[in-house]
Amino acid sequence: MTNRERIKLLQGMPFFGAINEQSIEMILSQSEVQQVPADKYFYHQDTLGDCLYVLEKGTVDILKELETKSISLCIIEEGGCFGELALIACTPRSAAARAICDCQAIRIPQSALHNLYKVDVEQFLLIQMNMAREVCRRLQEIDNLWVQHKLDEE
C-alpha cells in the first residue's frame, strides 16, 4: 500500500475523520507497518498498550481471555482499527488481538499522537474526540445487545 493510499484509508475512518493530510502524514511518518502471521497475536491481554492498529489486510479476532478459555468479542476487518482502549484509558490491554489469517496493519504508536499534540493541538484533540465517539458508539451497541439478551431470557 502506498503512503497516499494509507492517508486515504485513515481519512476514511471514524478515528481520523476530518484530520488534515499534513497531520496524517506526520503520524504515518512515525508509524510502522507490521506483519502478523495467522494464529499469532498483535498483543495479549494485560500487556502495555502503547499503540493502536489500523488493519490493512486480513482479519483479527479480539479475544477476552478468562482463566481457561478465550471469548471472541468482535472481528476486525480490513480498514478497521483496534487497540485504542489502552491509549484512551491509560491501562493495560483489556483483551488480546489474534490474527485469523496473515495480516498487515499500520502500528501507530502513542508517541506519534503525543508528537501531533506538540505541533497541532487542535488536530490531536479532534482525534481524541473521534476516538471517544467511536468507543461510545461501540458501548451503545453492547448495551443494545445486553438489553436484547435480557429480553430473550424472559
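Look a little higher up for the structure.
These numbers were taken from a predicted model, which means no experiment stands behind them.

Observations concerning the nonpolar core
Next, step 1: Counting residues in hydrophobic clusters, the biggest one holds 22 residues, and the most contacted among them are Leu10, Phe16, Ile27, Leu52, Val54, Ile108 and Ile127.
Next, step 2: Elements with a minimum of two residues in this core: helix H1 (3-11), helix H2 (21-29), strand E3 (51-57), strand E8 (103-109), helix H4 (110-119) and helix H5 (121-153).
Next, step 3: Looking at this core element by element, the count peaks at four residues for H2.
Next, step 4: In terms of nonpolar packing, the next biggest core, distinct from the first, is built from 15 residues, Ile62, Ile76, Ala95 and Ala105 among them.

Regarding the pattern of salt bridges
Next, step 1: Overall, the coordinates contain 10 salt bridges when judged by the stated rule.
Next, step 2: Here Arg138 and Glu84 are joined by a salt bridge, their closest N and O atoms 2.4 Å apart. Remark: Glu84 occurs in helix H3 (residues 84-89) and Arg138 occurs in helix H5; sequence separation between them is 54 residues.
Next, step 3: Take Arg138: its relative accessible area is 26%, and that puts it in the partly exposed class.

Examining the packing of aromatic side chains
The geometry of an aromatic ring pair is captured by the separation of the ring centres together with the interplanar angle, meaning the angle of the planes.
Next, step 1: Using the criterion set out here, one finds six aromatic pairs in the structure.
Next, step 2: Between Phe42 and Tyr53, the aromatic rings sit 5.1 Å apart at their centres with planes inclined by 65°, giving edge-to-face as the arrangement. With a gap of 11 residues between them, Phe42 in strand E2 (residues 41-43) and Tyr53 in strand E3 connect regions that are remote in the sequence. In terms of burial, Phe42 and Tyr53 fall into one category: buried.
Next, step 3: Consider the rings of Tyr43 and Tyr53, whose centres lie 6.0 Å apart with planes at 25°: the pair is stacked. In this pair, Tyr43 sits in strand E2 while Tyr53 sits in strand E3, placing the two residues 10 residues apart along the sequence. In this structure, Tyr43 and Tyr53 share a single accessibility class: buried.
Next, step 4: Here the aromatic residues Phe42, Tyr43, Tyr53 and Phe82 are joined through ring pairs into a cluster of three or more.
Next, step 5: Geometry around Tyr43 places Arg93 over its ring, the cationic atom sitting 3.9 Å from the centre.

Looking at the packing of H1 against H2
Next, step 1: Look at H1 against H2: their axes get within 10 Å of each other, and the N-to-C directions meet at 115°. Here H2 runs roughly perpendicular to H1, going by the angle between their axes. Classified by chirality, the crossing of H2 by H1 is right-handed. Packed against H1, whose contacting residues are Asn3, Arg4, Arg6, Ile7, Leu10 and Gln11, the element H2 presents Glu21, Ile24, Glu25 and Leu28 at the interface.

Topic: the pairing of strand E4 (residues 60-66)
A regular strand places its side chains so that they alternate between the two faces of the sheet.
Next, step 1: Summarising the sheet, E4 and strand E5 (residues 69-76) pair through seven bridges and their orientation is antiparallel. When the bridges of E5 are listed, Lys64 appears paired with Ile71.
Next, step 2: The turn joining E4 and E5, which pair antiparallel and follow one another in sequence, is formed by two residues.
Next, step 3: When E4 meets strand E7 (residues 96-99), the two strands line up antiparallel, connected through four bridges. Among the inter-strand pairings, Asp61 is bridged to a residue of E7, identified as Arg98.

Cut-offs applied
- Residues numbered from 1 in each chain as written.
- Predicted model: local features only at pLDDT ≥ 70, side-chain atom pairs only at ≥ 80, totals over all residues.
- Heavy atoms only, no water.
- Core = buried A, V, L, I, M, F, W, Y, C linked by side-chain atoms within 4.5 Å.
- Buried < 20%, exposed > 50% of the residue type's maximum accessible area, 1.4 Å probe, protein only.
- Helix = DSSP H or I, 4+ residues; strand = E, 2+ residues; numbered from the N terminus.
- Salt bridge = Lys/Arg side-chain N within 4 Å of Asp/Glu carboxyl O.
- Phe/Tyr/Trp six-rings, centres within 6.5 Å; stacked < 30°, edge-to-face > 60°.
- Lys NZ or Arg CZ within 6 Å of the ring centre and 35° of its normal.
- Axes fitted to C-alpha atoms, helices over the stretch in contact; angles between N-to-C directions.
- Parallel < 35°, antiparallel > 145°, perpendicular 65-115°, else oblique.
- Left-handed = near helix turned anticlockwise from the far one by under 90°.
- Contact = heavy atoms within 4.5 Å.
- Pairing = 2+ DSSP bridges.

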